[in-house]
Amino acid sequence: MSNFNLKTIKALLKKEFIEHKVAFFNVPAIIISIVTITIIFGILVNGNEWRVKTKYISNMDISGFDLFNTIYAFSIMGWLVFLLLMLFFYFASSFSADRKDNALLFWKSLPISDLQIMSVKTLAGLIVFPLTIMLWSLVAALFTFIIFLVLGAFLPVMSDIGSQTNFVTLLNIQGSALVFIAITLLWYLPLFGAVGLLGTFVRGWAVPAFILLLLLGKILESIFTLSNGGYFSDLMSERFGAPFEAISNVFSSPNFSTNVDAGGFSFIGNFVPAYIAQINWIGMVSGWLVAAIFIFIASEYRRRRIQA
Amino acid sequence: MQLEETIVKVKGLSKKFGNKEILHSIDFSIPKGRIYGLIGHNGAGKTTAINALLGLTSYQGNVSVLGLEPFKNRAKLMQNIAFISDVASLPRFLKVNQILDLMEDVHPKFSREKAKQFLAESDIVGNVKIKSLSKGMLAQLHLAIVMAIDAKLLVLDEPTLGLDITFRKKFYKRLVEDYMDENRSILITTHQVDEIEYLLTDLIFLRDGKIVLDANMDEIANKYTQVLVSPDTIKKANTKNPIFKTTQMGQNIMIFEGLNIEEAQNLGQISTPSTSDLFVALMENKSSNIGEIK
């Protein structure tokens, strides 16, 4: 009888988190600390300079509250880019990480199949690490909020932030971001699977190998078709760019209101269906199938070819 | 009989790496309640044979461990098998407590209490990263983890390699006193063969991928005789076809196979050859292709 149950999955997810804690926990903590400390020191040491140089904000027709929400939304995009980069490197290394320190024999001594281990690694990349980064984005938002409160003391236009910001607004932004990130990660799953599969073959060379294969595909297609485009190029362009194109379409749509403070959950209520409508779901599901195939091949390679 | 229930059954096990055949159609079986020593030179095929039993490598032939084909059922098999193939194989990024947590959640037959009991006598503390442990501590931790698994088969491939004699003695003592019972079997490979001789019930010698001896210790004692040959009987002793001859401090020592006890006593002072002497005898005797003692 298989021993692969929820307790096992949780234990393996925890192991993945501990193993990659530096990238997904320590690095964001360091980034936030450095930025916060720099701003605090900037205010403390160069308060007058700040007042002068940020004076134009007061002249703009935006409130501190709007500015905070805009910064918050952009910072989430920044965290998403950070997450995507980190996940790309995570998948490139994690599929072969168990071989580090000769530990593969230990992992193989556990009553868990190679496919189960690879599946949990994928799950960690899709759930644990994105949630960790989302948590950090909330912490960053909190720090931004505090900084705005401090700035509000000498930039009067920003003083409204304390009274206007409410929990529902944050939920609207964070919830919409969560949906966007979840769909983006699911869309990128075959790319993660591909770099993971390469990682099982070539270990630390997975990222260069991935880039090389993409370039090679593009060059071969150009030679074959004697043109700059083609099926492979279009496929890759869509795979890499679709989530961002979709969100751009949503925000540029005349029917979509970008007002996050329109009342209740109307922003997220408008955003989610509008964003989902932009997704190519056939492409999404095909991507999952391709990713499943990549993960299965990687697990079989690990089972058959990686000698103890 | 309950004790004779077979844990491992191997028939015609062969393994090739490229064109090189590492194992040449070997047969053996391990019943319940036995401690087997798998002995051979480096490159004899010991680790390959063990990897086949553990489902870590593909092979040709029929292998059944606890009724399962290992390569297809490694995960399932590992519920009832514990093994150490390399003392340094624990993941270094975890802390001691974290690896115990992991084992507790992942392995249905792991007992944290037992592991803690085994660790109690060591200097290992829970809140320490595995990478900061010394080689000896690492081995102690790994062995504590493995011995805390209620397994039917324990496979130890050079478990004490590189460790000092005190620790080795302590480990093997503990293995017999605290771990071994009639429901388990143990398969050990080691180069320090004399150290484990007293705990073995059976021996398998591998040479160049072939089994040259597969027998229990009683059979070995009955079949092989070591004689400290008196100077006046050397000529006569040589006519009895000793499988091994050596001189130590001016004394002639010969090992005979199948020589009856009266004949042996007439040649000199008799004893049962030690495992290491028998190993050297059978490894150096190229004509020996003894296989299983019938």
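Residues numbered from 1 in each chain as written. Chains lettered and ligands numbered in written order. Predicted model: local features only at pLDDT ≥ 70, side-chain atom pairs only at ≥ 80, totals over all residues. Heavy atoms only, no water.

> Hey, could you go over the pairing of strand β9 (residues 210-216) of chain B for me, with residue numbers and the actual values?
Residue and element names in this part refer to chain B. Counting buried positions along β9 yields six of seven residues, so the element is predominantly enclosed. Two strands pair when backbone bridges link them, and strand β8 (residues 202-207) and β9 are joined in this way by six bridges, in the antiparallel orientation. Looking at the pairing, Leu203 lines up with Ala215 of β9. Here β8 folds back onto β9 in antiparallel fashion, the turn holding two residues, of which Asp208 has a positive phi close to 50 degrees. (Buried < 20%, exposed > 50% of the residue type's maximum accessible area, 1.4 Å probe, protein only. Helix = DSSP H or I, 4+ residues; strand = E, 2+ residues; numbered from the N terminus. Pairing = 2+ DSSP bridges.)

> For the pairing of strand β6 (residues 153-157) of chain B, give the residues involved together with the corresponding values.
Working note: regular strand, side chains alternate between the two faces of the sheet. All names here are of chain B. Within β6, five of the five residues are buried, leaving the element largely enclosed by the surrounding structure. Covered by surrounding structure in β6 are Leu153, Val155 and Asp157 together with Leu154 and Leu156, the residues of both alternating faces. One ladder, built from four bridges, connects strand β5 (residues 81-84) with β6; its direction is parallel. What sits directly across from Ile81, in β6, is Leu153. For β6 and strand β7 (residues 185-189), the ladder comprises five bridges, and the chain directions are parallel. Bridge pairing in β7 links Leu153 to Ser185. Regarding the hand of the β-α-β motif, the stretch spanning β6, helix α6 (residues 165-179) and β7 is right-handed. (Right-handed = clockwise from strand over helix to strand, strands pointing away.)

> An account of helix α2 (residues 21-45) of chain A is needed here, citing residue identities and associated values.
Compared with an ideal rise of 1.5 Å per residue, which puts 25 residues at 36 Å, α2 of chain A spans 34 Å between its outermost C-alpha atoms and is within 8% of the ideal. Phe24, Pro28, Ala29, Ile32, Thr36, Gly42 and Ile43 of chain A are the residues of α2 of chain A that are buried. (Expected span 1.5 Å × (residues − 1).)

> Account for the interface of chain B and chain A, naming residues and giving values.
Between chain B and chain A, the residue contacts involve 32 residues of the former and 28 residues of the latter. It is Arg74, Phe93 and Val106 of chain B in chain B that bury the most area against chain A; as a group they hold 22% of the surface buried on that side. Joining chain B to chain A, the criterion identifies two salt bridges. For the salt bridge of Arg74 of chain B with Asp114 of chain A, the shortest nitrogen-to-oxygen distance reads 3.3 Å. (Contact = heavy atoms within 4.5 Å. Buried area = accessible area lost by both parts, 1.4 Å probe. Salt bridge = Lys/Arg side-chain N within 4 Å of Asp/Glu carboxyl O.)

> Tell me what's going on with the packing of aromatic side chains, and back it up with residues and numbers.
Each aromatic ring pair is summarised here by two numbers: the centre-to-centre distance and the angle between the ring planes. Residue and element names in this part refer to chain A. If you walk through the whole model with that rule in mind, you get 25 aromatic pairs over all chains. Ring centres 6.1 Å apart and planes at 80 degrees place the aromatic pair Phe24 and Tyr90 in the edge-to-face group. One end of the pair, Phe24, is in helix α2; the other, Tyr90, is in helix α5 (residues 64-97), and 66 residues separate them in sequence. The class of Phe24 is buried, set by a relative accessible area of 1%. Consider the rings of Phe271 and Tyr275, whose centres lie 5.5 Å apart with planes at 10 degrees: the pair is stacked. With Phe271 and Tyr275 both in helix α12 (residues 266-277) and four residues apart, the pair spans about one turn of that helix. (Phe/Tyr/Trp six-rings, centres within 6.5 Å; stacked < 30°, edge-to-face > 60°.)

> Give a detailed account of the domain arrangement of chain B, specifying residues and quantitative values.
Residues and elements named next belong to chain B. By the assigned domains, chain B splits into domain 1 (6-208) and domain 2 (219-284). Here domain 1 and domain 2 have C-alpha centroids that lie 34 Å from each other. Counting residues at the interface gives 10 residues for domain 1, matched by nine residues for domain 2. Carbon and sulfur atoms make up 72% of the area that domain 1 and domain 2 hide from each other, which totals about 890 Å². Remark: the boundary between domain 1 and domain 2 carries four residue pairs in polar contact (both at pLDDT 80 or more). Elements represented by at least two residues in the side of domain 1 that touches domain 2 include exactly β3 (35-40), α7 (193-196) and β8. The dominant element in the side of domain 1 that touches domain 2, judged by the number of residues it contributes, is β8, at four residues. (Domains from an automatic or database assignment. Polar contact = N/O pair within 3.5 Å; in protein donor to acceptor, adjacent residues only side chain to side chain.)

> Summarise the packing of helix α9 (residues 167-202) of chain A against helix α11 (residues 231-252) of chain A; cite the residues concerned and give the values.
Residues and elements named next belong to chain A. Their axes nearest at 9 Å, the elements α9 and α11 cross at an angle of 170 degrees. Taken together, the axes of α9 and α11 lie roughly antiparallel to each other. Between α9 and α11 the crossing geometry is right-handed. Side by side, α9 and α11 meet where Phe180, Thr184, Trp187, Tyr188, Pro190 and Leu191 of the first sit next to Glu238, Arg239, Phe240, Ala242, Pro243, Phe244 and Ile247 of the second. Residues belonging to the contact of α9 with α11 are distributed by class as follows: 10 nonpolar, one polar and two charged. (Axes fitted to C-alpha atoms, helices over the stretch in contact; angles between N-to-C directions. Parallel < 35°, antiparallel > 145°, perpendicular 65-115°, else oblique. Left-handed = near helix turned anticlockwise from the far one by under 90°. Nonpolar A, V, L, I, M, F, W, Y, C, P; charged D, E, K, R; others polar.)

> Describe the packing of helix α5 (residues 135-147) of chain B against α6 of chain B, listing the residues and the values that go with them.
Residues and elements named next belong to chain B. One can describe the packing of α5 onto α6 by two numbers: an axis separation of 12 Å at closest approach and a directional angle of 10 degrees. Between α5 and α6, the angle is such that the two are roughly parallel. For the pair α5 and α6, the contacting residues are Gly136, Ala139, Gln140, Leu143, Val146 and Met147 in the first and Phe167, Phe171, Arg174, Leu175 and Tyr179 in the second. Of the residues belonging to the contact of α5 with α6, the class tally is eight nonpolar, two polar and one charged.

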